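Structural description and commentary
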Amino acid sequence: MTTTQFQVTGMTCGHCEMSVREEVQEIAGVTGVEVSHQSGQLTVTSNQPVDEGAVIAAVEEAGYQAARSV
């Protein structure tokens, strides 16, 4: 199992979290998504390394900006 973390900017509420979660869950191989508008942290769990570009694109589709956390 692989866990990848991203920093998301622009989220302000639970609805924001739901929008990001719904988009990221659609990525092939993703098994879990945890997101917090308070910390801006997005944690993606997958069976194999997830395509970071796909996660960032999904977050942008939801209307926010994301970057891989180091």
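Per an unreviewed UniProt entry, the protein goes by Heavy-metal-associated domain-containing protein and derives from Kocuria aegyptia.

Turning to the nonpolar core, a few remarks are in order. Grouped together as the largest cluster of nonpolar side chains are 19 residues, with contacts concentrated most on V20, V24, L42, V44, V55, V59 and Y64. For this core, the elements supplying multiple residues, two or more each, are β1 (2-9), α1 (14-25), β2 (30-35), β3 (41-46) and α2 (52-61). With residues up to four places along the chain from it excluded, the contact list for V44 reads T2, T3, T4, F6, V24, V30, G32, V50 and V55.

A few words on α1. If you check α1, its first and last C-alpha atoms are 16 Å apart, about what 12 residues at 1.5 Å a residue would give, namely 16 Å. Among the residues of α1, those classed as buried are C16, E17, S19, V20 and V24. Buried residues along α1 cover an arc of 160° about the axis, so they all sit on one side. Those residues of α1 that are buried lie in contact with β2, β3 and α2.

This next bit is on the pairing of β1. Pairing analysis gives six bridges linking β1 to β3, with the strands arranged antiparallel. Across the sheet, the residue bridging to T3 is T45, located in β3. Where β1 lies against strand β4 (residues 65-68), four bridges are found, and the strand directions are antiparallel. Within β4, the residue paired with Q7 across the bridge is A67.

Of note, S46 is situated in strand β3. The class for S46 is buried, based on a relative accessible area of 2%. Distance in space between the C-alpha atoms of S46 and T4 is 8.3 Å, their sequence separation being 42 residues. Residues contacting S46, with those up to four places away along its chain left out, are M1, T2, G29, V30 and T31. Side-chain polar atoms of S46 contact the backbone oxygen of Q48, separated by 2.5 Å.

Rules of the game
- Residues numbered from 1 in each chain as written.
- Predicted model: local features only at pLDDT ≥ 70, side-chain atom pairs only at ≥ 80, totals over all residues.
- Heavy atoms only, no water.
- Core = buried A, V, L, I, M, F, W, Y, C linked by side-chain atoms within 4.5 Å.
- Buried < 20%, exposed > 50% of the residue type's maximum accessible area, 1.4 Å probe, protein only.
- Helix = DSSP H or I, 4+ residues; strand = E, 2+ residues; numbered from the N terminus.
- Contact = heavy atoms within 4.5 Å.
- Expected span 1.5 Å × (residues − 1).
- Arc of directions from axis to C-beta.
- Pairing = 2+ DSSP bridges.
- Polar contact = N/O pair within 3.5 Å; in protein donor to acceptor, adjacent residues only side chain to side chain.

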